[in-house]
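Below are the chains, spelled out letter by letter.
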Amino acid sequence: GAVVSQHPSRVICKSGTSVKIECRSLDFQATTMFWYRQFPKKSLMLMATSNEGSKATYEQGVEKDKFLINHASLTLSTLTVTSAHPEDSSFYICSAVRTNLWGEQYFGPGTRLTVT
Amino acid sequence: RKEVEQDPGPFNVPEGATVAFNCTYSNSASQSFFWYRQDCRKEPKLLMSVYSSGNEDGRFTAQLNRASQYISLLIRDSKLSDSATYLCVVSDLSGGYNKLIFGAGTRLAVHP
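A brief structural summary. What you are looking at is a predicted structure, and each value in this text was computed from that prediction instead of being measured.

## Considerations on the pairing of strand E5 (residues 44–51) of chain A
All names here are of chain A.
Next, step 1: Here E5 lies mainly inside the structure; six of its eight residues are buried.
Next, step 2: Note that strand E4 (residues 32–38) and E5 share seven bridges and pair antiparallel. When the bridges of E5 are listed, Met33 appears paired with Ser50.
Next, step 3: In this antiparallel pair of consecutive strands, E4 and E5, the connection spans five residues, and Lys41 shows a positive phi of 60°.
Next, step 4: Pairing analysis gives two bridges linking E5 to strand E6 (residues 57–58), with the strands arranged antiparallel. Directly across from Thr49, in E6, lies its bridge partner Thr57.
Next, step 5: What sits between E5 and E6 in their antiparallel hairpin is a turn of five residues, with Gly53 showing a positive phi close to 80°.

Okay, structure coming up:
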């Protein structure tokens, strides 16, 4: 089956620093990847759609200058949380679509970010 | 109103019990529906897609009522390993891509 990895799985950082999270599709090419955030006991919320070779599409209410997305290749998308604050502490999950924009999304294992 | 609503639970049931989860969605134009399972501190995993005719996969049966905008999941003969959070998911194609809208999940705890 399709495998998506994320790195790191867990990160603790100080307030004001930036953190980069990587999402890789290991055995398939993904033109489109999605970034989600999940707070405890809440829904997964789509943050942005990452498109290879073009700018990401952000959902309403998500600051594009704070959550920088780069999709430099067909197997890698990165999310950088800039100037992190404690309220950014959350579970960040990426997903990748295997074939086309209407295909099943395969989720990465998630990254737990704690900002102190 | 939330786009996808679920009873948060928890549902505490003994092994062997039958349990049903319900979900409602607000966008009548939604085309695809899914149930995902999420274990604690893990990513969601697709359990099954939901079709208008209803579909069954082993102990799991999913049904869709488009007129009522209602989706259900029935689990028969519950196992301890079924303990997880079950997410009702609806796809939204209005943006030109398959955007998934997640419910907050219903927690199931199966006990011996």
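## Thoughts on the side chain of Gln6 of chain B
Residues and elements named next belong to chain B.
Next, step 1: Counting through the fold element by element, Gln6 comes out in strand E1 (residues 4–6).
Next, step 2: From its side chain, Gln6 meets the backbone oxygen of Tyr86 in a polar contact 2.9 Å long.
Next, step 3: Within polar-contact distance, the side chain of Gln6 engages the side chain of Thr106 at 3.2 Å.
Next, step 4: With residues near it in sequence (within four places) discarded, Gln6 still touches Asn22, Cys23, Trp35, Tyr86, Leu87, Cys88, Gly103, Ala104, Gly105 and Thr106.

## A short note on the pattern of salt bridges
Next, step 1: Summed over the entire model, instances satisfying the criterion amount to eight salt bridges over all chains.
Next, step 2: The shortest N-O distance in the salt bridge between Glu59 of chain A and Lys99 of chain B comes to 2.6 Å. With one member in each of two chains, Glu59 of chain A in the loop between E6 and strand E7 (67–73) and Lys99 of chain B in strand E10 (residues 99–102) form a pair that bridges those chains.
Next, step 3: Note on Glu59 of chain A: relative accessible area 15%, which makes it buried.

## Describing the state of the cysteines
Next, step 1: Summed over the entire model, instances satisfying the criterion amount to two disulfides over all chains.
Next, step 2: In this model Cys23 of chain A forms its disulfide with Cys94 of chain A; the gap between the sulfur atoms is 2.0 Å. Handedness of the Cys23 of chain A-Cys94 of chain A disulfide follows from its S-S torsion of about 80°: it is right-handed. Separated by 71 residues along the polypeptide, Cys23 of chain A in strand E3 (residues 19–25) and Cys94 of chain A in strand E9 (residues 90–97) bring together distant segments of the chain.
Next, step 3: You can call Cys23 of chain A buried: its relative accessible area is 0%.
Next, step 4: Look at Cys94 of chain A and you get buried, because its relative accessible area is 0%.
Next, step 5: The disulfide partner of Cys23 of chain B is Cys88 of chain B, and the gap between their sulfur atoms is 2.0 Å. On the S-S bond that ties Cys23 of chain B to Cys88 of chain B, the torsion sits near -75°, and the link is left-handed. Here Cys23 of chain B is found in strand E3 (residues 19–25), whereas its partner Cys88 of chain B is found in strand E9 (residues 84–92), with 65 residues between them in sequence. Cys88 of chain B shares its class with Cys23 of chain B; the two are buried.

Parameters and conventions
- Residues numbered from 1 in each chain as written.
- Chains lettered and ligands numbered in written order.
- Predicted model: local features only at pLDDT ≥ 70, side-chain atom pairs only at ≥ 80, totals over all residues.
- Heavy atoms only, no water.
- Buried < 20%, exposed > 50% of the residue type's maximum accessible area, 1.4 Å probe, protein only.
- Helix = DSSP H or I, 4+ residues; strand = E, 2+ residues; numbered from the N terminus.
- Pairing = 2+ DSSP bridges.
- Polar contact = N/O pair within 3.5 Å; in protein donor to acceptor, adjacent residues only side chain to side chain.
- Contact = heavy atoms within 4.5 Å.
- Salt bridge = Lys/Arg side-chain N within 4 Å of Asp/Glu carboxyl O.
- Disulfide = S-S within 2.5 Å.

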